Amino acid sequence: MESDTIVITQSRMAGWLMFNGFKKVNERLDLKDDNRVIYIFNNSPQLRKTMSHYNQFKARLL
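Treat the numbers as computed from the prediction; the structure is a model and nothing was measured.

Scoring rules and cut-offs
- Residues numbered from 1 in each chain as written.
- Predicted model: local features only at pLDDT ≥ 70, side-chain atom pairs only at ≥ 80, totals over all residues.
- Heavy atoms only, no water.
- Phe/Tyr/Trp six-rings, centres within 6.5 Å; stacked < 30°, edge-to-face > 60°.
- Helix = DSSP H or I, 4+ residues; strand = E, 2+ residues; numbered from the N terminus.
- Buried < 20%, exposed > 50% of the residue type's maximum accessible area, 1.4 Å probe, protein only.
- Axes fitted to C-alpha atoms, helices over the stretch in contact; angles between N-to-C directions.
- Parallel < 35°, antiparallel > 145°, perpendicular 65-115°, else oblique.
- Left-handed = near helix turned anticlockwise from the far one by under 90°.
- Contact = heavy atoms within 4.5 Å.
- Nonpolar A, V, L, I, M, F, W, Y, C, P; charged D, E, K, R; others polar.
- Expected span 1.5 Å × (residues − 1).
- Arc of directions from axis to C-beta.

Trainee: Account for the packing of aromatic side chains, with residues named and values stated.
Mentor: A complete count under the given rule lists 2 aromatic pairs for this structure. Measuring from centroid to centroid gives 5.5 Å for Trp-16 and Tyr-54, while their planes differ by 50 degrees, and the two rings are tilted. One end of the pair, Trp-16, is in helix 1 (residues 11-19); the other, Tyr-54, is in helix 2 (residues 45-61), and 38 residues separate them in sequence. Tyr-54 carries the same exposure label as Trp-16, and that label is buried. Ring geometry for Trp-16 and Phe-57: centres 5.6 Å apart, planes at 15 degrees, overall stacked. Of this pair, Trp-16 sits in helix 1 while Phe-57 is found in helix 2, placing the two residues 41 residues apart along the sequence.

Rendered as structure tokens:
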């Protein structure tokens with residue numbers, strides 16, 4: 001069973017997704033580490049594809 005949402009713990013990935021037109025469903029403090037924020041997005045094939053493009057882009061920068 002797949003979830004309807006996905007939790008993103010990296011602010012840069014969340015920023016990349018928002019830059020590419022995806023809207024956050026919610027934003028909360030992490031229960032394990034209150035210095036960290038988690039970002040919740042609706043899960044979709046397009047979101048996953050955009051996430052993989054970010055990882056490819058980041059790999060080219062290194």
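Trainee: Can you tell me about the packing of helix 1 against helix 2, naming the residues and giving the values?
Mentor: In a pair of packed helices, the angle between the axes and the distance between the axes together describe the arrangement. Where helix 1 contacts helix 2, the axes come no closer than 10 Å and their chain directions differ by 120 degrees. Relative to helix 2, the element helix 1 is oriented oblique. Considering how the two elements wind past one another, helix 1 and helix 2 form a crossing that is right-handed. When helix 1 is examined against helix 2, the residues Arg-12, Met-13, Trp-16 and Leu-17 are found in contact with a partner set consisting of Leu-47, Thr-50, Met-51, His-53, Tyr-54, Asn-55 and Phe-57. The class makeup of the residues in the contact of helix 1 with helix 2 is 7 nonpolar, 3 polar and 1 charged.

Trainee: So what's going on with helix 2? Residues and values would help.
Mentor: One turn of the α-helix equals 3.6 residues, which is why residues spaced by three or four share an orientation. With 17 residues, helix 2 ought to run about 24 Å at 1.5 Å a step, and its terminal C-alpha atoms sit 25 Å apart, in line with that. For helix 2, the set of buried residues is Leu-47, Thr-50, Met-51 and Tyr-54. Each buried residue of helix 2 sits inside an arc of 105 degrees when the element is viewed along its axis, so together they form one side. The exposed set on the far side of helix 2, more than 90 degrees from its buried face, consists of Pro-45, Gln-46, Lys-49 and Arg-60. Summarising the contacts, the buried residues of helix 2 are in contact with strand 1 (5-8), helix 1 and strand 3 (37-42).

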